Each structure stands twice: as C-alpha cells, then as structure tokens.
Amino acid sequence: MKVQASSPQDNQPSNTTNNTNSTDNTTNQLPSMDEHVMRSMDWDSIMKELELDDDSTPNPLKTEFTTTESAIGPLYAVDSNLPGFPDQIQPSDFDSSDVYPGQNQTSGYAFNSLDSVDNGGFDFIEDLIRVVDCVESDELQLAQVILSRLNQRLRSPTGRPLQRAAFYFKEALGSLLTGSNRNQTRLLSSWTEIVQKIRAVKEFSGISPIPLFSHFTANQAILDSLSSQQSSSPFVHVVDFDIGFGGQYASLMREIAEKSISSGFLRVTAVVAEECAVETRLVKENLTQFAAEMKIRFQIEFVLAKTFEMLSFKAIRFVDGERTVVLISPAIFRRLSGIGDFVNNLRRVSPKVVIFVDGEGWTEIAGAGSFRREFVAALEFYTMVLESLDAAAPPGDLVKKIVEAFVLRPKIAAAVETAADRRNAGEMTWREAFCGAGMRSIQLSQFAVFQAECLLEKAQVRGFHVAKRQEELVLCWHGRALVATSAWRF
Amino acid sequence: MYSAIRSSLPLDGSMGIEYSDGTNLPVDACLVLTTDPKPRLRWTSELHERFVDAVTQLGGPDKATPKTIMRTMGVKGLTLYHLKSHLQKFRQGRQSCKESTENSKDVSCVAESQDTGSSSTSSLRLAAQEQNESYQVTEALRAQMEVQRRLHEQLEYAQVQRRLQLRIEAQGKYLQSILEKACKAIEDQAVAFAGLDAAREELSELAIKVSSGCQGTFDTTKMTVPSLSELAVAIEHKNNCSAESSSTVGSPVSASLMKKRYRGVLGNGERLVMGHEAGWVMPSSSSLG
C-alpha cells in the first residue's frame, strides 16, 4: 500500500513519483504481498491511465492515500465548485481514523507483526487481503483472527469511500467465514426490510444516474429491436434474470402503451431466487396493476433460479410467434456453473436481442484470475461507486446510509461470495462466450446515447459521463466504467 | 429534401442561404454561430465572399494559408480551425469545378493565380463568376446539409428529453406505489400482531380470574394455571358465541394456538365445541394436572 509524506501543495504528477518511491520502501517490508497486488492497488497509476478529464479536479480517492505531516488540512487545492465533496473542504470533517501519526516514517507499517499498533493508514486493506489469502489457502482460523482485529479497526461504515467500502467488504468476508461454518439458509425478507430496500432504490434512482441509466438504456435497446420491424407488431416476451422490484417495466410499459408497440402486449418471465418470495408477490401485484392502468395486456411468470440452474431455458415457457428479449446481468452468471452452456442454450431460444447490463464491474472483476485479484478489483469498483454516491447524495448521511445498506451492501456481499467460490475459475469471460457462440453486437441507437446524456444533464452530478466502449454504452465515473450496457444477437 | 436548392444563387449580394421552404437565414458581417451544444461556424455567402477575396489577395488557395487568410479577413472570432477546413473544401470545390467546366477551366485558374496571360477581362469575370457560382452551390449544399443535420439532431435531442422525462415519471410513480403497498403490508402485519397482543391480554386476564378461583364449578385444588392455548380456546369460544366478525386476527391466533392439546380448563368436563373451522374438537374428558 502506498504511503507518502507529501506536502499538500504537490501536484498530482509529482505525487506519482513520490508514490513509486515510497512503494519501493514499503515493498521491502512486505514480503507477503506480491508485486501484482501492489500494482493493482496502485490507485494513482490507475487513475492516471484512466485519463481524468479535468486535471484540476481533485480525485477524492487520491486523498485517501496521500497524507501530510500534520495530516490535517486540505490535501489539495480544492475546486470549490464541485458539489458533494464536503469532506475535502472542511478539515474538521476528518474523522479520527484519517489522522495518521507517524505516517512519514518509512517503517510506518509494521507489516511483519500481526499485533501491530494501529498506525492508521491503510493497514486495513492489507488485513483484508490477508483474510482473503487465508480463505484461499483454507486457513480459516487465522482468517478469523485477522478479521476480529479488522472488526476493531473498521467498526462502522463511516468516512471515506474506501473506508466504507472496506467495511462492507469486511462484513462480507465475515459472513463468508461464518457461512462456511454452518449451513446458512437464506431467509425470506421481512416487510420492513422490503420497505427499506424499495426506499433505497427510490432514493438511489433519485440522486444518481446509475440505476436509471441501466434501466433506460436496456429499455431503449428493447424498443429499438421491436421497432425495426414492418407494420406488424409482434408480441414481446422479456426474460429477465434480475427483475429487482420491476421498476424498469414501468417506463417500458409506458412506451408500449403510447406507441402501440408490440400491439400493447407485454409478457415477462422473471427468474428469481426463492428467498425473494415476498418481493416476488409484491412485484407481480404492482406490475399487473400498473399494466392495467396503462391499458396493456400483461402477463408475468416467475421461475425459480434453482429450477433454471437445472433445466436452463426449458424451465421457461416460450410461445410461438413472440419476440424474445433476454435481459442478463452478472447476477445470473454467478449462479451458473458454465457460461458456455448458458450461451448455447440461449441460442436455442432464438432471442431477438440479448441485452447485457453490467452494473457490477463484472467485465473487470470476473476473470481477474484469483479470489484475491477479484476481491481487489471489486473493492476498487465499489469504492468508485461510493465515491460517485458521495458526489450525488444530498448533504447529510441519511440517504447515503440507506442506499449503501440496502442497495450496495448486498451487491458487495454477493460479489465477495462469487469471487470466493472458484467453481467458475478458468472460465472464459462473458464476452468470449458470446463471441465464441457467434453472437454479434448491435450498435445502440442514437436515441439511447442522447437519452444517457440527457439523463446526466438532469442528474446534475459532476463526474459522470457517457462513453462508447467497443459495442457498449458505458456510464463512467471519472473515466471508470460503472455501468456497461450492450445488445447482442445471434 | 435537398432537391429544392436553386441551381444558381443570385450574385447581387442578396443575403443568406435560401431553404426549400423559402425561409432565409439572416446574414451580417459577424460570424453566425449555431446554438447547439457545439457551436459551429456558418459559412454564409457574405463571409465566404470575404474569404474568397482574402484568398485571391494572397495569391490563390494554394498560396494562402489559414493564418494569412485570418489576418487578411480580419473577422473577429474566426479561428484557424474554421479556416483550415473551409480552405480545404474550397480547394476541393475548385478541383471539381475545374473538371466540370471546360473553357472556364483555364480561365478560372488564370483568374486565381498570378500568372494571368489572358487579357479578356470580361470572359475572365464570367468564368470566375461561374466558378464561384458552382462553388457556392456546393458550399450552400454542404451548409444546408450541415444545418439540416444539426436541426435534426436538435429535434431528436429535444424529443429524447421529453420521452426521458415521461419515462422517469413512470418509474417514479411505480416505485412510489410499490413502496406504499409494502408499507401497507407492514401496517396490516402490525394490525395482525396488535390483534394477537390484544388476544394475549384477554387471555392473561382470564388466567388471573381463573387462578383466583372465582368460578364455583372449579375444583380449585386440582386447578392448574391454564395454559395459553386453553385460554385461547375459551376466548375463541367467546368470540364465536358473540358472533364477532372474524378479523384477520382471529384465524392466525386460533390456528396457531389450537395446535396445543386442550386440557379442559372448565373442569366440569363440559364439552366445548369450537373451532370447527379448524376441524378440531376437544375431548370430552378433562384431565387436569
């Protein structure tokens, strides 16, 4: 982990050189950390290669890693026009864990002794990775020990994005360890939980463009695939592997109703986890009611994920003459044991369009190679998401806490679980699987691009931008892809 | 949509580019910039004429450079970038004009370059005019296409904005209604639990009454404090007898409580027939203790 005692007036480029110097210092003291991890944790160089648009925009992530002798006071000349970064401007907001005494010592981290004094800094990152390593090498007792130390260090999800992300990842590791000790049956959500989740989704959609970008881009891809037809409007059947609370279909239904697409008919098959039984009923009720209000003929069926794992697409009812649209997110890949099989089975149902919405950094994370690398990649990804949340959220912690607790934390837990479960190790990436099966990407329409840009305008959060990456339309946060949507066909 | 361009533009210096629907764009000596997100320069014929003048002054498009043209034209806000691309187009335009016109070809070259051998000024002028005309046509065509494209984009963007707003509203409305439904479910659940609490209260009251032995028919020595289930049965009976409408409270309470065996609270062995809905009937004999 990089540590540096740089003076606050350093510009970013010179920070990088300082970083490499101190990296060398610290590397000597980290016999257990391998080079690759250090490199992958080289946030600064990662930032550099991402070509930050505005060099004068301070990267809040950088401030996590650079400290001063005094450790108090703004670390960079802050662009005061930036909304949502109050932490950087008011030094008094620094919580105690941001004070790093003794950081300027080269021996700031006593890496070698397990019972090191908490020098602050980013030892929690090392400890997290140590836990990960222990899990990988099946040293569960040792993992528990380090984890309990981490529990002291990271007590609550407060502070910088990285710290909060570290907290959630620590929690995820914790349940991973306890889950491996006993058979954890997943419980149904209580109504209180459900209300919290819906509220979190609602708040998140209201402040950050992330959820709406995912939904609307996918919807537009669906609409585009339907409208490129002759006058006949065949019925559309959407197979959705990640329906959530069904919000996406509200706007899709609206379009269908207004433009008489699909002859005013929509059929959805949602593949859901069995612990979501309560949500499922709620979603069915609400979507059905909404469709009735929109005067759309609507049908929705649910298929258990377990059933799908066994039977694949045979578990789903298809009707001749319907246009099939398949909506995929990383969630389904987690549960499958072979993506190649999935894609082959997918071909057999002859979908009109397959839309892949990657809102979990899956493209970067999966296929990173090992639990540790995937863990680090995921940590990086969600730190970015939290950063963007900081920028988007209104002042005060409440909204952020709700969104983090009920939207992001479950995703983090799932990501850690998947990374730990190495059954898909050595698998090809989803893109390789798609291309290998002969799928071709469909260019997303100008409408979709405009829509995304328009959405960002409305969201009014600086730092987001829309980009095209190969065949994907990507929502980026400071150059880092947060959501990548692409459309495919056979 | 471009077919309505007239074959020749008046050279009398009338203003503007004419559109197929007859509207004119106003022209003045200043630059006309478009209003879309990326402000682009409109090469009006006025501006273009100044450009051509400048180029001629500088010895032709091959000799003139964007820099020198900029200085010569002296138009505020004109950048090298604008001039570079326009000059390139001009050169290309000249090429095609060269090829299309036969006689005027040499003449036009002559007109532009400095080694002019011909002295017939009138034919020169005519040729120059023709060449200028056809160039202007090409330019106008391009300009029109450009403007049309940008207009189209703007319209599309405006359309997207509108649709996006509707979509956002739809989604918001849906989330609101599902949130309300979920909240209502909590309330309903709370009511059910409140009912359960109320039942429990009644039962404990009954237990107190019973244990204080105020009922004469009881054999108090053998009396044990009745279990919740026993009391629930009594309550249920009471409820049923008083023909209270069965609320959602009634069923879960009775259903769960009736799992326990009845122990005959009312020690006289009175057979209470109740809970027929649950399909359960108590034994007639009482067994206390």
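Overview of the structure.

About the cut-offs
Residues numbered from 1 in each chain as written. Chains lettered and ligands numbered in written order. Predicted model: local features only at pLDDT ≥ 70, side-chain atom pairs only at ≥ 80, totals over all residues. Heavy atoms only, no water. Helix = DSSP H or I, 4+ residues; strand = E, 2+ residues; numbered from the N terminus. Contact = heavy atoms within 4.5 Å. Areas by Shrake-Rupley, 256 points an atom, 1.4 Å probe, with all protein chains shown as cover. Buried < 20%, exposed > 50% of the residue type's maximum accessible area, 1.4 Å probe, protein only. Phe/Tyr/Trp six-rings, centres within 6.5 Å; stacked < 30°, edge-to-face > 60°. Axes fitted to C-alpha atoms, helices over the stretch in contact; angles between N-to-C directions. Parallel < 35°, antiparallel > 145°, perpendicular 65-115°, else oblique. Left-handed = near helix turned anticlockwise from the far one by under 90°. Nonpolar A, V, L, I, M, F, W, Y, C, P; charged D, E, K, R; others polar. Core = buried A, V, L, I, M, F, W, Y, C linked by side-chain atoms within 4.5 Å. Domains from an automatic or database assignment. Buried area = accessible area lost by both parts, 1.4 Å probe. Salt bridge = Lys/Arg side-chain N within 4 Å of Asp/Glu carboxyl O. Expected span 1.5 Å × (residues − 1).

Let's shift gears to the overall build of chain A. Within chain A, the secondary structure is distributed over 20 helices and 9 strands. The long-range share in chain A, meaning contacts at least 24 apart out of those at least 6 apart in sequence, stands at 75%. Of the roughly 20,400 Å² of accessible surface on chain A, 51% is carried by carbon and sulfur atoms.

Within chain B, the secondary structure is distributed over 7 helices and 2 strands. Reading the secondary structure of chain B in the N-to-C direction produces β-β-α-α-α-α-α-α-α. The proportion of buried residues among the 289 residues of chain B is 33%. Look at the contacts in chain B between residues 6 or more apart in sequence, and 57% of them connect residues 24 or more apart. A total of about 17,400 Å² of accessible surface is found on chain B, and carbon and sulfur atoms cover 54% of it.

This paragraph deals with the packing of aromatic side chains. Residue and element names in this part refer to chain A. A complete count under the given rule lists 23 aromatic pairs over all chains for this structure. The interplanar angle of 85 degrees and the centroid separation of 5.3 Å between the aromatic rings of Phe434 and Trp488 together place this pair among those described as edge-to-face. Of this pair, Phe434 sits in helix H19 (residues 430-436) while Trp488 sits in strand S9 (residues 480-489); the two residues are 54 residues apart in sequence, bridging distant segments of the chain. The exposure classification of Phe434 matches that of Trp488, with both residues buried.

Attention shifts here to the packing of helix H10 (residues 209-227) of chain A against helix H20 (residues 446-459) of chain A. Residue and element names in this part refer to chain A. Interhelical geometry of H10 versus H20 gives an angle of 160 degrees and a closest axis separation of 10 Å. With respect to H20, the axis of H10 lies roughly antiparallel. Here H10 and H20 pass one another in a crossing that is right-handed. Along its contact with H10, which presents Pro209, Leu212, Phe213, Phe216, Thr217 and Gln220, the element H20 presents Phe447, Ala448, Gln451, Ala452, Leu455, Leu456 and Ala459. Classifying every residue of the contact of H10 with H20 by side-chain character gives 10 nonpolar, 3 polar and no charged.

This part is about the nonpolar core. Proteins that are soluble and globular tend to have nonpolar side chains buried together. All names here are of chain A. By size, the foremost hydrophobic cluster in this structure holds 122 residues, and its most contacted members are Leu173, Tyr249, Leu266 and Ile355. Residue assignment places this core across two domains, with domain 1 (120-187 + 369-425) and domain 2 (188-366 + 426-489) each supplying three or more. With sequence-adjacent residues up to four places away left out, Tyr249 is seen in contact with Val238, Asp240, Ile243, Leu266, Val268, Leu287 and Leu327.

The interface of chain B with chain A comprises 27 residues on the first partner and 41 residues on the second. Summed over both sides, the interface between chain B and chain A buries roughly 3,300 Å², with carbon and sulfur atoms accounting for 67% of that surface. When the area that chain B buries against chain A is broken down by residue, the three leading residues are Arg167(B), Gln171(B) and Tyr174(B), summing to 23%. Here chain B and chain A share 4 salt bridges between them. The shortest N-O distance in the salt bridge between Arg167(B) and Glu255(A) comes to 2.8 Å.

Turning next to the side chain of Ser208(A). Relative to the elements of secondary structure, Ser208(A) occurs in the loop between helix H9 (191-207) and H10. Not counting the four nearest positions on each side in its chain, Ser208(A) is found in contact with Ala392(A) and Phe464(A).

Another point: the side chain of Arg167(B). Relative to the assigned elements, Arg167(B) resides in helix H5 (residues 121-211). Judged by its relative accessible area of 3%, Arg167(B) falls in the buried class.

Enumeration according to the criterion identifies 31 salt bridges over all chains in this entry. A salt bridge links Arg163(B) to Glu258(A); its shortest N-O distance comes to 2.6 Å. Highlighted residues: Arg163(B) in helix H5 and Glu258(A) in helix H11 (residues 247-259), drawn from two different chains. Through salt bridges with shared partners, a single ionic network connects Arg254(A), Glu255(A), Glu258(A), Lys259(A), Arg163(B) and Arg167(B).

Spanning 14 residues, H20(A) covers 20 Å between terminal C-alpha atoms, matching the ideal 20 Å at 1.5 Å per step. Downstream of H20(A) by one or two residues, Gln460(A) has phi in the positive range, about 55 degrees.

Residue and element names in this part refer to chain A. Where H9 contacts H10, the two axes come as close as 5 Å, and the packing angle between them is 90 degrees. Considering their axes alone, H9 and H10 lie roughly perpendicular with respect to each other. When H9 is examined against H10, the residues Phe204, Ser205 and Ile207 are found in contact with a partner set consisting of Pro209, Ile210, Pro211 and Leu212. Here the residues of the contact of H9 with H10 are counted per class, giving 6 nonpolar, 1 polar and no charged.

Any functional reading would require information beyond the geometric quantities listed.
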